[in-house]
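Here is what each chain is made of, one letter per residue.
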Amino acid sequence: MLQRHLRAACAAAAAAGALLVAGLSGSASAQPSASPTLPTAAETLHAADAPPALLGALQRDLGLNRQQALRRLANEAEAGATAGRLRAALGTDFAGAWVRGTESSTLTVATTDPADVPAIRARGADAVVVDHSLAALDAAKARVDRAAAHRGTTGSPVWYVDVRANTLVVRAIRADAARSLLTAAHVDASFARIVKSAEHPRPLYDLRGGDAYYIDNSSRCSIGFPVTRGTQQGFATAGHCGRAGSSTTGSNRVAQGTFQASVFPGNDMAWVAANASWTATPDVNGSAVQVAGSAQAPVGSSVCRSGSTTGWHCGTVQQLNASVTYQEGTVTGVTRTSVCAEPGDSGGSFISGSQAQGVTSGGSGNCTSGGTTYFQPVNPILQSYGLTLKTAGTGPGDPGDPGDPGDPGGTWSAGTVYQAGDTVTYGGAAYRCLQGHQAQLGWEPPNTPALWQRV
């Protein structure tokens, strides 16, 4: 819960041509699209649209030069699409995926079945055979989440599925607290690993993503992402920043809006409806970056944050679907990162390339010595409150006006949040979602092979 502004400098990705140089040539080109006219994953996700401020922060925080930063972002976009296709193909054998290397040039996909290895390698990815499927590990974590709801977990404040280690990790200040939690959750020791850690995440208190705003003329947080709900404009932010009915003022101390809904703990999500003086934009403070969508980045990907205390800072995605205990209670479903943050960055924007990832929740450490920061993913916020992410234009296609006589019809719908594995129909064909995202006009399934696979 980092309620101040951070410099989320996320670099954008290189042109598609750079992929063949970067090392993801197999996965990037194994099935780039059904037709030469269709966009690559990097093109769909606007990986090459990285503004200078984001590239600068990526270079500073990850030790890259400009071309490395660009190639890394392009490779991460292609890896996400390849991982999505393999997840669909492997089914219950799938045990997670991650990228590694200076330029994220290597995609690794884990499976529980050795027979899957040739199919994984055929996609240009490295294959690892492990004991536990991702579904089994997620189920174990869900049992821990349920057990944590009925007991104190300040002694073991963080737990998550580590796909690279193929285990459920509990980070504990006291090992006995972690063992007690696992026992209460009926999680077998073979599924879990206890890590001794002094990490003690806490909320950090003190319409552009990353801009400061004030709650009830008191505490300060940061805007996550501007959104709309019908004709109402506003922004998504962290739930611990305020409760429904709390008023907000902008960084200029001008009346801004009111919290419409808020959840914390449990989740860490909220949204604020702005008054007529404020206009939602797709911009993130501190750079020329504009949000183009909300496709979820895979483990190992670069990710950057903008907040009203520390500006732009970058790191990598360490684990998805983590749970963390703050003094106020446990929050589940957050993403763990190596990005630093400080008080007042809470609620601010987490972005990978041009793709919105989430809003800053909390963490430990600082931006002098380094730290760990958690973010609440943005897609569940959009889905829970019926919000539409403010983006820069539409996707690569030109769908025409909704309702045109030529509309292909089907169950796919712009504005809907889709998760990996969801199926829709469009133009008489069925498609499976490869990466979680909020659909937008121009991102129809036939136009976006990085996001949808025909079945």
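All figures in this text were calculated on a predicted structure; none of them were measured in a lab.

Participant: Before we go on, may I ask you to explain the confidence of the model for the chain in this structure?
Facilitator: Across the chain, pLDDT averages 87, with 87% of residues at or above 70. Under a pLDDT of 50 for its full length, residues 1–34 has, in the predicted model, 195 contacts with residues more than four places off or in other chains. Here residues 394–406 is modelled with pLDDT under 50, and outside its nearest four sequence neighbours on either side it reaches 20 contacts, counting other chains as well.

Participant: It is not clear to me how the layout of surface pockets should be interpreted in this structure. Could you clarify?
Facilitator: One simple way to see leftover space: roll a probe sized like a water molecule over the atoms. One number sums up the size of the largest pocket: a volume of about 920 Å³. Forming the boundary of the largest pocket are 37 residues, of which Arg-87, Leu-134, Gln-296, Leu-320 and Asn-321 lie nearest the centre. Those elements that place two or more of their residues in the lining of the largest pocket are helix 5 (66–90), strand 2 (94–100), helix 7 (134–148), strand 16 (310–326), strand 17 (329–337), strand 19 (355–366), strand 20 (370–377) and helix 9 (378–385).

Participant: So what exactly am I meant to see when it comes to empty space enclosed by the protein here?
Facilitator: The space that makes up the largest cavity amounts to roughly 150 Å³. Forming the boundary of the largest cavity are 18 residues, of which Leu-45, Glu-76, Ala-77, Ser-352 and Gln-355 lie nearest the centre. Breaking the lining of the largest cavity down by element, the ones donating at least two residues are helix 5 and strand 19. Looking at the lining of the largest cavity element by element, the count peaks at 4 residues for helix 5. Across the lining of the largest cavity, the residue classes break down as 8 nonpolar, 9 polar and 1 charged.

Participant: Would you take a moment to explain the sheet that holds strand 21 (residues 388–389) for this structure?
Facilitator: Paired through their backbone hydrogen bonds, the strands of a sheet run either parallel or antiparallel. Overall, antiparallel pairing links the 8 strands, which are arranged 9-8-12-13-14-11-10-21 in an open sheet. Two strands bound the open sheet, and with one partner strand each, they are strand 9 (219–222) and strand 21. When strand 10 (residues 225–229) meets strand 21, the two strands line up antiparallel, connected through 2 bridges. Within strand 21, the position partnered with Thr-228 by the bridge is Thr-388. Here helix 9 sits on the sheet in contact with strand 10, strand 11 (232–237), strand 13 (255–263), strand 14 (269–274) and strand 21, set at roughly 60° to strand 14.

Participant: Explain the packing of aromatic side chains here, please?
Facilitator: Two aromatic rings, taken as a pair, are described by how far apart their centres are and by the angle between their planes. Tallying each qualifying case throughout the model produces 6 aromatic pairs. Seen from their ring centres, Tyr-213 and Phe-259 are 6.4 Å apart, and the 50° between their planes marks the pair as tilted. With a gap of 46 residues between them, Tyr-213 in strand 8 (residues 212–215) and Phe-259 in strand 13 connect regions that are remote in the sequence. Phe-259 matches Tyr-213 in its accessibility class, with the two residues each being buried. The cationic tip of Arg-253 hangs over the ring face of Tyr-214; the distance from NZ or CZ to the ring centre is 3.5 Å.

Participant: Teacher, can you tell me more about helix 8 (residues 175–184) here?
Facilitator: Three or four residues apart is the spacing at which side chains of an α-helix point the same way, because the helix has 3.6 residues per turn. Residues Ala-177, Ala-178, Leu-181 and Leu-182 constitute the buried set of helix 8. What you see down the axis of helix 8 is that its buried residues fit within an arc of 130°, all on one side. For helix 8, the secondary structure elements touched by its buried residues are helix 7, strand 5 (158–162), strand 6 (167–172) and strand 7 (192–196). Phi turns positive one or two residues past the end of helix 8, at His-186, with a value near 55°.

Thresholds, definitions, all that
- Residues numbered from 1 in each chain as written.
- Predicted model: local features only at pLDDT ≥ 70, side-chain atom pairs only at ≥ 80, totals over all residues.
- Heavy atoms only, no water.
- pLDDT = per-residue confidence, 0-100.
- Contact = heavy atoms within 4.5 Å.
- 1 Å grid on protein atoms, 1.4 Å probe; cavity = no way out; pocket = protein on both sides within 12 Å on 5 of 7 lines; lining within 4 Å.
- Points joined across faces, edges and corners; volume = space filled by probe spheres on them.
- Helix = DSSP H or I, 4+ residues; strand = E, 2+ residues; numbered from the N terminus.
- Nonpolar A, V, L, I, M, F, W, Y, C, P; charged D, E, K, R; others polar.
- Pairing = 2+ DSSP bridges.
- Axes fitted to C-alpha atoms, helices over the stretch in contact; angles between N-to-C directions.
- Phe/Tyr/Trp six-rings, centres within 6.5 Å; stacked < 30°, edge-to-face > 60°.
- Buried < 20%, exposed > 50% of the residue type's maximum accessible area, 1.4 Å probe, protein only.
- Lys NZ or Arg CZ within 6 Å of the ring centre and 35° of its normal.
- Arc of directions from axis to C-beta.

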